[in-house]
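Below are the chains, spelled out letter by letter.
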Amino acid sequence: MRQRAGDLEADLARTDTEIAWLANEIIIEEVHFADLSEANITTPVAGRVWEMMTSPGEDVQAGQPLLKILDCSGAVITANVTESVYNRLQLGDRASFEPNDGGEPISGTVVNLTGAAGAPANLAINPDALSKEPYRVTVAPGDAAAHACTVGRTGRVVFARRETAP
């Protein structure tokens with residue numbers, strides 16, 4: 001019996017050692033899994049996330065698109081205007097964008113005037129959804145770096161009145 005008890009104690013000690021070793025291996029594998037499950041994503045431009053192309057917890061493959069980033073450095077303001085407003089504007093005129101959310105107005109300059117026959121542009125908000133006016137004005141912000149990314153915001157564009165000669 002003593003022999004059998006000694007064998008069982010040795011088996012128990014060996015099993016306890018194996019359990020401790022496997023518990024350590026589990027911890028190592030959990031850390032390894034966590035390292036492979038998360039990654040820092042960097043972009044070549046300063047911008048903001050425009051579209052998520054995956055869901056949280058989804059398995060992804062190397063090279064798979066995960067999201068679309070909006071480069072805010074070249075953002076412009078577009079406004080649909082009536083024909084009478086369009087006809088009084090010129091390139092270089094001053095304008096101001098007043099966001100509907102009450103944010104600070106953004107000053108800029110008219111850089112493009114597109115009439116009724118103009119081709120559709122790649123805009124964040126489809127102008128047809130906001131207005132049926134066929135005339136479009138593009139305003140470049142004066143100091144884009146001083147403002148947060150305002151792409152996709154709605155508001156009102158106010159054009160500065162030009163002084164007329166007497």
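Only a predicted model underlies this, so the values are computations on that prediction, with no experimental measurement involved. Counting of residues starts from 1 at the beginning of each chain's written sequence and follows it residue by residue. Where local features are concerned, this predicted model is filtered to residues with pLDDT of at least 70; where side-chain atom pairs are given and counted, the filter is 80 or more; whole-chain, interface and lining totals use all residues. Working from all heavy atoms in the structure, the side-chain values ignore hydrogens and water.

1. Some points on the overall build of the protein chain
Link 1 in the chain: A count of helices and strands for the protein chain gives three helices and seven strands.
Link 2 in the chain: Starting at the N terminus and ending at the C terminus, the protein chain contains elements arranged as α-β-β-β-α-β-β-α-β-β.
Link 3 in the chain: Per-residue burial for the protein chain yields a buried fraction of 17% across its 166 residues.
Link 4 in the chain: Counted over contacts in the protein chain with a minimum sequence separation of 6, partners at least 24 positions apart contribute 64%. Each helix is a run of DSSP H or I of at least 4 residues and each strand a run of E of at least 2, with the numbering of both proceeding from the N terminus. Three labels apply to residues, based on accessible area from a 1.4 Å probe with only protein chains included: buried if under 20% of the type maximum, exposed if over 50%, partly exposed otherwise in between. Contacts are assigned to residue pairs with any non-hydrogen atoms lying within 4.5 Å of each other.

2. A word on the pattern of salt bridges
Link 1 in the chain: Here, a salt bridge means any Lys or Arg side-chain nitrogen found within 4 Å of an Asp or Glu carboxyl oxygen. The full count for this structure, using the stated rule, is four salt bridges.
Link 2 in the chain: Across the pair K68 and E51 runs a salt bridge, and its minimum N-O distance is 3.4 Å. Of this pair, K68 sits in strand β2 (residues 67-71) while E51 sits in strand β1 (residues 47-52), and the two are 17 residues apart along the sequence.
Link 3 in the chain: Take K68: its relative accessible area is 41%, and that puts it in the partly exposed class.
Link 4 in the chain: Assessed through its relative accessible area of 35%, E51 is described here as partly exposed.

3. Describing the confidence of the model for the protein chain
Link 1 in the chain: Scored from 0 to 100, pLDDT records how confident the predictor is in each individual residue. Of all residues in the protein chain, 83% have pLDDT values of 70 or greater, and the mean over the chain is 82.
Link 2 in the chain: By mean pLDDT, the top-scoring element of the protein chain is helix α1 (residues 2-37) (93), and the lowest-scoring one is helix α3 (residues 127-130) (51).

4. With respect to the pairing of strand β5 (residues 106-114)
Link 1 in the chain: Where strand β4 (residues 94-99) and β5 come together, four bridges link them in antiparallel fashion. Paired with S96 across the strands is S107, a residue of β5.
Link 2 in the chain: Strands qualify as paired when DSSP identifies two bridges or more between them. Hairpin remark: β4 followed by β5, antiparallel, with six residues in the connecting loop; positive phi at G102, about 85 degrees.
Link 3 in the chain: Sheet topology places β5 next to strand β6 (residues 135-141); six bridges connect them, and they run antiparallel. If you follow L113 over to β6, its bridge partner there is V137.

5. Considering the sheet that holds β5
Through backbone hydrogen bonds, the strands of a sheet pair up, either in parallel or in antiparallel fashion.
Link 1 in the chain: Strand order in the open sheet formed by five strands is β3-β6-β5-β4-β7, and the pairing between neighbours is antiparallel. At either margin of the open sheet sits one strand with a lone partner, and together these are β3 (77-81) and β7 (155-159). Each strand of the sheet is rotated relative to its neighbour by a mean of 40 degrees, with strand direction disregarded.
Link 2 in the chain: As defined by bridge partners, β4 adjoins β7 across five bridges and the pair is classed as antiparallel. Along β7, the bridge assignment pairs S96 with V158. The angle between two axes is taken between their N-to-C directions and runs from 0 to 180 degrees, where each axis is a line fitted to C-alpha atoms and a helix contributes only its stretch in contact.

6. Re a nonpolar patch on the surface
Link 1 in the chain: What makes a patch is a set of residues exposed beyond 30% relative accessible area and free of salt bridges, joined within 9 Å when like-charged and within 5 Å when nonpolar (Val, Leu, Ile, Met, Phe, Trp, Tyr). In these tables, accessible area is a Shrake-Rupley quantity obtained with a 1.4 Å probe, and a residue counts as shielded only by the protein chains included in the view. Residues V45, V49, M52 and I69 make up a contiguous nonpolar surface patch of roughly 310 Å² in combined accessible area.
Link 2 in the chain: Its location among the elements puts I69 in strand β2.
Link 3 in the chain: The class for I69 is partly exposed, based on a relative accessible area of 32%.

7. Notes on the packing of aromatic side chains
Link 1 in the chain: Side-chain rings of Phe, Tyr and Trp, where Trp is taken by its six-membered ring, are said to pair if the distance between their centres is within 6.5 Å; with planes under 30 degrees apart they count as stacked, over 60 as edge-to-face, and otherwise as tilted. What the rule picks out here adds up to one aromatic pair.
Link 2 in the chain: With 4.7 Å between their ring centres and 35 degrees between their planes, Y86 and Y135 make a pair best called tilted. With a gap of 49 residues between them, Y86 in helix α2 (residues 83-88) and Y135 in strand β6 connect regions that are remote in the sequence. Both residues of the pair, Y86 and Y135, count as buried.

8. Let's talk about the nonpolar core
Link 1 in the chain: Residues enter a nonpolar core if they are buried and are Ala, Val, Leu, Ile, Met, Phe, Trp, Tyr or Cys, with the set joined through side-chain atoms within 4.5 Å. I77, V81, V137, V139, V157 and F159 are the most contacted members of the largest nonpolar core, which has 14 residues in total.
Link 2 in the chain: Within the residue set of this core, elements represented by two or more residues are β3, β4, β5, β6 and β7.
Link 3 in the chain: Ignoring any residue separated from it by four or fewer positions in sequence, one finds V137 in contact with I77, T78, A79, V81, L89, V110, N112, L113 and F159.

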